[in-house]
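Here is what each chain is made of, one letter per residue.
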Amino acid sequence: MRISRLLGVLILSILTFLLADVILRIAPGGYTHMIDFLSQPWPWYVAGPLIGLIVPMLLLLGGKQFGVSANLRHLCAVLDTKVEFFQYDWKSGTWNLVLIMGVLIGGWISMGFLENPDPIAISEATRSDLALLGVTEFRGLVPSQYFSWEGLLSGPGIVLMVLGGFLVGFGARWAGGCTSGHAISGLADLQLPSLVAVLGFFAGGLIATFVILPLVL
Amino acid sequence: MGASRLIPYLLIGIYLGIVFTKSEVISWYRIQEMFRFQAFHMYGIIGSAVVVAAISIQIIKKWRVRALGGSEIVIPPKEMGSGTRYWAGGTVFGLGWAFAGACPGPLFALVGNGVTVMLVTIVAAVAGTFAYGVVRPRLPH
């Protein structure tokens, strides 16, 4: 990208920001309303389309396809072992590794400025089902009774965090994609294999939820 | 790829991390709610994301829109083969998704949100990917 174009984008962004700032200052309660909105959990009809737009953004930017789990393979390729599956130039996936670092930073920004102070607003039915399984904590994004460094040494902690992660990595590569690659990019491109994979995702998720979790938690 | 060309991907990642967090799709509770069919939230998110992505892809294909650098946009179709890899691999992934309560993208967003123990889950996911690479020649696909 030429420096002049980059400057143009920068100046335009600053002008947009200043204009938004002026409007929010003039409108009665503008800033309070905006902060309120941002710190509330976003409804599905806002979040879903915003996530869907990632697909054309990546295609238009450089013909790239949205698929997060490819990064796990790139990380194995960085390790540079003798395994044939990881013998390729991982630098072709630098853009994707940078994207996933951005996701981490985005999570951090949300925590710092936009955190929701209320307990998670899951349905009452889920809350009571989970309480029956022994979940006592409904604050934050994950139940800290399991998802914490102390919880890591407990039986549930090992299944949820270690086994869970292992199966996510193994299954995503075997299936050739994860939620972003199959459920979003693949289904959107009307790929039948992706539909089969998504049905598999649900088969596995239902077995874990209704058969294994009651035994583990 | 030069560093300046990578900046847009970093920004897209940050945007995605914020949306992931604010829509709570990175929450173990929301994934449980989804697998128990007790709320529309996750279905609405995935469904509307697919619709928006599908319309965009159709437009790109129909008008033969090119990428910013001028190159043609090609989306290679996925090979069905015997289909085993999709249902079997998908099921394995689904088990992990319900246990960890997060798929690969949200794992990184959770670390950013201060759930640092998810670094262990990310390492486990890399280990799982590596194990797949090792046994791949012996697995049905």
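In what follows, the accompanying structure is described. Everything numeric in this text was worked out from a predicted model, so none of it was measured. (Residues numbered from 1 in each chain as written. Chains lettered and ligands numbered in written order. Predicted model: local features only at pLDDT ≥ 70, side-chain atom pairs only at ≥ 80, totals over all residues. Heavy atoms only, no water.)

1. What to know about the packing of aromatic side chains
Rules: In this scheme Phe, Tyr and Trp rings, the latter by its six-membered ring, pair at centre separations within 6.5 Å, and the angle between planes marks the pair as stacked below 30 degrees, edge-to-face above 60, and tilted otherwise. Here a strand is any run of E in DSSP of at least two residues, a helix any run of H or I of at least four, and the numbering for each starts at the N terminus. Throughout this description, buried means an accessible area under 20% of the type-specific maximum (1.4 Å probe, protein chains only), exposed means over 50%, and partly exposed covers the range between. For a ring to carry a charge above it, either NZ of a lysine or CZ of an arginine must fall within 6 Å of the ring centroid while also lying within 35 degrees of the normal to the ring plane.
Counted under the stated rule, the structure contains 20 aromatic pairs over all chains. Ring plane angle 85° and centroid distance 5.8 Å describe the contact between A:Phe170 and B:Tyr132, whose orientation is recorded as edge-to-face. With A:Phe170 in helix α8 (residues 155-175) and B:Tyr132 in helix α6 (residues 118-135), this residue pair bridges two chains. Assigned by exposure class, A:Phe170 and B:Tyr132 land together as buried. Ring pairs connect the aromatic residues A:Phe85, A:Phe86, A:Phe166, A:Phe170, A:Trp174, B:Phe130 and B:Tyr132, which therefore count as one cluster. Against the face of A:Phe85 rests A:Arg73, its NZ or CZ located 3.8 Å from the ring centre. Positioned above the aromatic ring of B:Tyr86, the side-chain terminus of B:Arg85 is 5.7 Å from the ring centre.

2. A few points about the packing of α8(A) against α6(B)
Inclusion rule: Note on geometry: axes are lines fitted to C-alpha atoms, helical ones only across the stretch in contact, with angles between N-to-C directions running from 0 to 180 degrees. Oblique is the label for any angle not under 35 degrees, not over 145, and not in the 65 to 115 range, which are roughly parallel, roughly antiparallel and roughly perpendicular in turn. Left-handed describes a crossing in which the near helix is turned anticlockwise from the far one by less than a right angle; the clockwise case is right-handed. When checking whether two residues touch, look at their non-hydrogen atoms; a contact exists if any pair is within 4.5 Å.
Contact geometry of α8(A) with α6(B) gives a least axis separation of 6 Å together with a crossing angle of 40°. One way to sum up the angle between α8(A) and α6(B) is to call them oblique. In the crossing of α8(A) with α6(B), the sense of the turn from one axis to the other is right-handed. For the pair α8(A) and α6(B), contact is made by A:Met161, A:Val162, A:Gly165, A:Phe166, A:Gly169, A:Phe170, A:Arg173 and A:Trp174 and by B:Val120, B:Thr121, B:Ala124, B:Ala125, B:Ala127, B:Gly128, B:Thr129, B:Ala131, B:Tyr132 and B:Val135, respectively.

3. Digging into unusual backbone geometry
Most peptide bonds take the trans form, and the phi angle of most residues other than glycine is negative. Residues and elements named next belong to chain B. A positive phi angle is found at Glu24, which is not glycine, with a value near 65°. For Glu24, the position within the fold is in the loop between α1 (3-22) and α2 (28-35). Assessed through its relative accessible area of 5%, Glu24 is described here as buried. Unusually for a residue other than glycine, Arg64 sits at a positive phi of about 50°. Residue position: Arg64 is located in the loop between α3 (41-62) and α4 (84-100).

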